[in-house]
Amino acid sequence: MGFYACCEAIGVQQPKEGAKFFPQKNSTTAAAPANNKAGLPYPIHLAENEEEDEIVAHGTGEFAGMLKGAGLLADCGSKGLRPVEYADSIGLLDDSTLAVHCVRVAESDIKILAERKVNVCLCPRSNTYIGEGRAPWEKILKSGINTCLGTDSIASNHDLSMWNELEYMLKNIKISL
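All of these numbers come straight from a predicted model, not from anything done at the bench. (Residues numbered from 1 in each chain as written. Predicted model: local features only at pLDDT ≥ 70, side-chain atom pairs only at ≥ 80, totals over all residues. Heavy atoms only, no water.)

A. Inspection of the overall build of the protein chain at higher detail. Helix and strand counts for the protein chain stand at nine helices and four strands. Going from N to C terminus, the protein chain has its helices and strands arranged as α-α-β-α-α-α-β-α-β-α-α-β-α. The 177 residues of the protein chain split such that 40% are buried. Relative to all contacts within the protein chain whose residues are 6 or more apart in sequence, the contacts with residues 24 or more apart total 65%. In the form shown here, the protein chain has an accessible surface area of approximately 9,700 Å², with 53% of it arising from carbon and sulfur atoms. (Helix = DSSP H or I, 4+ residues; strand = E, 2+ residues; numbered from the N terminus. Buried < 20%, exposed > 50% of the residue type's maximum accessible area, 1.4 Å probe, protein only. Contact = heavy atoms within 4.5 Å. Areas by Shrake-Rupley, 256 points an atom, 1.4 Å probe, with all protein chains shown as cover.)

B. Region of interest: the nonpolar core. Membership of the largest hydrophobic core comes to 29 residues, with the highest contact counts inside it found for L46, V84, L93, V105, L113, V120 and I140. When residues of this core are traced back to their parent elements, those giving at least two are α2 (25–37), β1 (42–46), α5 (83–89), α6 (107–115), β3 (119–122) and α8 (137–142). For V84, the residues in contact, after removing those within four places along its chain, are L46, A47, L93, V105, D109, I112 and L113. (Core = buried A, V, L, I, M, F, W, Y, C linked by side-chain atoms within 4.5 Å.)

C. Layout of the sheet that holds β3. The strand order across the open sheet formed by four strands is β1-β2-β3-β4, and the pairing between neighbours is parallel. The sheet is open, and its two edges are formed by β1 and β4 (147–149), each paired on a single side. Across the sheet, the mean angle from the axis of one strand to that of its neighbour is 30°, orientation sign disregarded. (Pairing = 2+ DSSP bridges. Axes fitted to C-alpha atoms, helices over the stretch in contact; angles between N-to-C directions.)

D. Up close: the environment of E50. Among the secondary structure elements, E50 is positioned in helix α3 (residues 50–58). Overall, the relative accessible area of 55% leaves E50 in the exposed class. Between the C-alpha atom of E50 and that of G133, which follows or precedes it by 83 residues, the distance is 10.0 Å. Excluding residues that lie within four positions of it along the chain, E50 makes contacts with R104 and E132.

E. Focus on α6. By the burial criterion, the buried members of α6 are D109, I110, I112 and L113. The buried residues of α6 occupy an angular sector of 160° when the element is viewed end-on, so they sit on one face. Opposite the buried face of α6, at more than 90 degrees from it, the exposed residues are E107 and K111. In this fold, the buried residues of α6 make contact with β1, α5, β3 and α8. (Arc of directions from axis to C-beta.)

F. Quick look at the pattern of salt bridges. Tallied over the full model, the rule gives 10 salt bridges. The partner of R116 in a salt bridge is E115, and the shortest N-O contact between them spans 3.8 Å. The partly exposed category is assigned to R116, whose relative accessible area is 33%. Of the residues examined, E115 reaches a relative accessible area of 45% and is grouped as partly exposed. (Salt bridge = Lys/Arg side-chain N within 4 Å of Asp/Glu carboxyl O.)

G. Summary view of a negative patch on the surface. A cluster of like negative charges, contributed by E50, E51, E54 and E62, occupies part of the molecular surface. Ranked by the residues each element gives to the negative patch, the list is headed by α3, at three residues. (Patch = residues over 30% accessible without salt bridge, like charges linked within 9 Å, V, L, I, M, F, W, Y side chains within 5 Å. Lys, Arg positive; Asp, Glu negative; His and termini not counted. Charge placed at Lys NZ, Arg CZ, Asp CG, Glu CD.)

H. Region of the structure containing the pairing of strand β2 (residues 97–101). Burial within β2 is extensive, with five of its five residues counted as buried. Across five bridges, the pairing between β1 and β2 is parallel. Paired with L46 across the strands is H101, a residue of β2. Strand direction decides the pairing type here: β2 and β3, joined by three bridges, are parallel. For A99, the partnering residue across the bridge sits in β3 and is V120. Read as a crossover between parallel neighbours, the route from β2 over α6 to β3 is right-handed. (Right-handed = clockwise from strand over helix to strand, strands pointing away.)

Right, here's the structure in full:
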């Protein structure tokens, strides 16, 4: 469900400044239940890159500066939290959440995702294509997290073929499935 459609569905006035990067407690406590009510997952790109880590933990960095300059950076509190910890602290993580990417997750993050029964969508070719690194696929899968594959988008991948995504992962994974 798109941001503005979600606002309309739950009867919340659309903010004049538009959507913000990095959710705040009020926006997520409204949007996630609206998706649940509609029987939809709540997708969020999570733990995708170093810039996200820096913005969430400290509110700093080049990307943060650009977003602040455009009025698009929500305050994450700058509490030194990792993205998964922050998302958990505002009540975003549950069995309806689809956490996309999860490239930069520590073992403690994987434990949180598993405990909250969060679904994870891995986008291995996209993460390689844009140079973000590789999610710890093996640890995520071994943790019992419900996991799927995605392509992200044509802007960050060679194509949108799920077969190519699966083939890439099978050639590069270090456990038998």
